[in-house]
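Understanding the architecture of this molecule
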Amino acid sequence: YKIHREVIREEFPDGWNPPRKLSREAMEGLRQLYHLDKTKFTTPVLAEKFKISPEAVRRILKSRWEQPKEK
């Protein structure tokens, strides 16, 4: 964990601010594809398909945020 954290700090010295951002619907689609077939839709494949970095895909898959049901 500490090694990974240090590598991320070196790669992103100003913090995480991706140049291209996905909508909530696109993030949900990315998660669904990944859970549909994890061997076919790997992180690099999803990064290429959605035209974002593999680090962004990793962060999206890791997050558990869901929109409240009222909205």
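Use the structure listed above.
Described in the following lines is the structure provided in the data block. Values in this document were obtained by computation on a predicted structure and should not be read as measured data. (Residues numbered from 1 in each chain as written. Predicted model: local features only at pLDDT ≥ 70, side-chain atom pairs only at ≥ 80, totals over all residues. Heavy atoms only, no water.)

Per the stated rule, a full pass over the model turns up 3 salt bridges. A salt bridge links R31 to E28; the nearest nitrogen and oxygen atoms lie 3.5 Å apart. On the criterion of helical spacing, the pair formed by R31 and E28 is a turn pair, its members being 3 residues apart in helix α2 (residues 24–36). We note a salt bridge from E55 to R58, for which the minimum N-O separation is 2.7 Å. Remark: R58 and E55 occur in helix α4 (residues 54–62); sequence separation between them is 3 residues, near one turn of the helix. Classification of R58 as partly exposed rests on a relative accessible area of 28%. (Salt bridge = Lys/Arg side-chain N within 4 Å of Asp/Glu carboxyl O. Helix = DSSP H or I, 4+ residues; strand = E, 2+ residues; numbered from the N terminus. Buried < 20%, exposed > 50% of the residue type's maximum accessible area, 1.4 Å probe, protein only.)

The set of residues buried in helix α3 (residues 43–50) consists of L46, A47 and F50. For α3, the angular spread of the buried residues around the axis is 105°, confining them to a single face. Looking at α3, the residues exposed on the side facing more than 90 degrees away from the buried face are P44, E48 and K49. Here the buried face of α3 lies against α2 and α4. Positive phi shows up at K51, right after α3, with a value of about 55°. (Arc of directions from axis to C-beta. Contact = heavy atoms within 4.5 Å.)

Positive charge collects at one region of the surface, where R20, K40, K49 and K51 lie side by side. Considering the arrangement of structural elements, one finds K49 in helix α3. (Patch = residues over 30% accessible without salt bridge, like charges linked within 9 Å, V, L, I, M, F, W, Y side chains within 5 Å. Areas by Shrake-Rupley, 256 points an atom, 1.4 Å probe, with all protein chains shown as cover. Lys, Arg positive; Asp, Glu negative; His and termini not counted. Charge placed at Lys NZ, Arg CZ, Asp CG, Glu CD.)

This part takes up the nonpolar core. In terms of nonpolar packing, the biggest core is built from 12 residues, these being L22, M27, L30, F41, L46, A47, F50, I52, A56, V57, I60 and L61. Where this core is concerned, the elements lending two or more residues are α2, α3 and α4. Considering each element in turn, this core owes the most residues, 4 residues, to α4. Beyond its immediate sequence surroundings of up to four residues, M27 is in contact with L22 and I60. (Core = buried A, V, L, I, M, F, W, Y, C linked by side-chain atoms within 4.5 Å.)

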